[in-house]
Amino acid sequence: MIVGVGIDVVDVARFQATLERTPKLRERLFTQSERDLGAASLAARFAAKEALAKSLGAPVGLRWTDATVVKDDNGQPHLQVAGTVEKRAAELGVAYLHLSMSHDAGIASAVVVAEG
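Given the structure is predicted, the values throughout are model-derived calculations rather than measurements.

**A short note on the sheet that holds strand E1 (residues 2-11)**
- Spatial strand order, E1-E5-E4: three strands in an open sheet with antiparallel pairing. Of all strands in the sheet, those with a lone pairing partner are E1 and strand E4 (96-104), marking the two edges. The mean angle between the axes of side-by-side strands here comes to 10°, regardless of whether they run parallel or antiparallel.
- Two strands pair when backbone bridges link them, and E1 and strand E5 (residues 107-115) are joined in this way by nine bridges, in the antiparallel orientation.

In structure tokens:
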């Protein structure tokens, strides 16, 4: 059963400019393993976290760093959740989070399907 669906798009250049203007934003949005990635990859991960929040009903209080985009041995992205995000997913009965990300032509996008 689908519990929720979220989608987000990010302008890569605008996102990069924002990170340059506000250096501490990297620490607030991304886990240690994500912070050193390039602008397009960071924008896609931000889109994934936004899409994740939307798929969970966008409740107040989710921490950005309680979700990490990781890749499996085949290069497929997956969401690893903890803390506030894990708690919200459990409240909704989410058993699996499906993630698709892309970046092309200066736009990063992500879709998350929360499955119960």
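**Overview of a nonpolar patch on the surface**
- A grouping of Ile-2, Val-5, Ile-7 and Val-111 is seen on the molecular surface, where their side chains present a nonpolar patch of about 360 Å² in accessible area.
- When residues of the nonpolar patch are assigned to their parent elements, the largest contribution, three residues, is made by E1.

**Quick notes on the pairing of E4**
- Judged from the nine bridges that link them, E4 and E5 form a sheet pairing that is antiparallel. Residue pairing across strands places Ser-100 opposite Val-111, the latter belonging to E5.
- Hairpin remark: E4 followed by E5, antiparallel, with two residues in the connecting loop; positive phi at Ala-105, about 55°.

**Section: the nonpolar core**
- By size, the foremost hydrophobic cluster in this structure holds 28 residues, and its most contacted members are Val-10, Phe-15, Leu-52, Leu-79, Leu-97, Leu-99 and Val-112.
- Elements supplying a minimum of two residues to this core: helix H1 (12-21), helix H2 (25-29), helix H3 (39-55), strand E2 (67-71), helix H4 (83-92), E4 and E5.
- Apart from the residues within four sequence positions on either side, Leu-79 is in contact with Leu-52, Thr-68, Val-69, Leu-97, Leu-99 and Val-112.

Rules behind the numbers
Residues numbered from 1 in each chain as written. Predicted model: local features only at pLDDT ≥ 70, side-chain atom pairs only at ≥ 80, totals over all residues. Heavy atoms only, no water. Pairing = 2+ DSSP bridges. Helix = DSSP H or I, 4+ residues; strand = E, 2+ residues; numbered from the N terminus. Axes fitted to C-alpha atoms, helices over the stretch in contact; angles between N-to-C directions. Patch = residues over 30% accessible without salt bridge, like charges linked within 9 Å, V, L, I, M, F, W, Y side chains within 5 Å. Areas by Shrake-Rupley, 256 points an atom, 1.4 Å probe, with all protein chains shown as cover. Salt bridge = Lys/Arg side-chain N within 4 Å of Asp/Glu carboxyl O. Core = buried A, V, L, I, M, F, W, Y, C linked by side-chain atoms within 4.5 Å. Buried < 20%, exposed > 50% of the residue type's maximum accessible area, 1.4 Å probe, protein only. Contact = heavy atoms within 4.5 Å.

Structural measurements only, silent on function.
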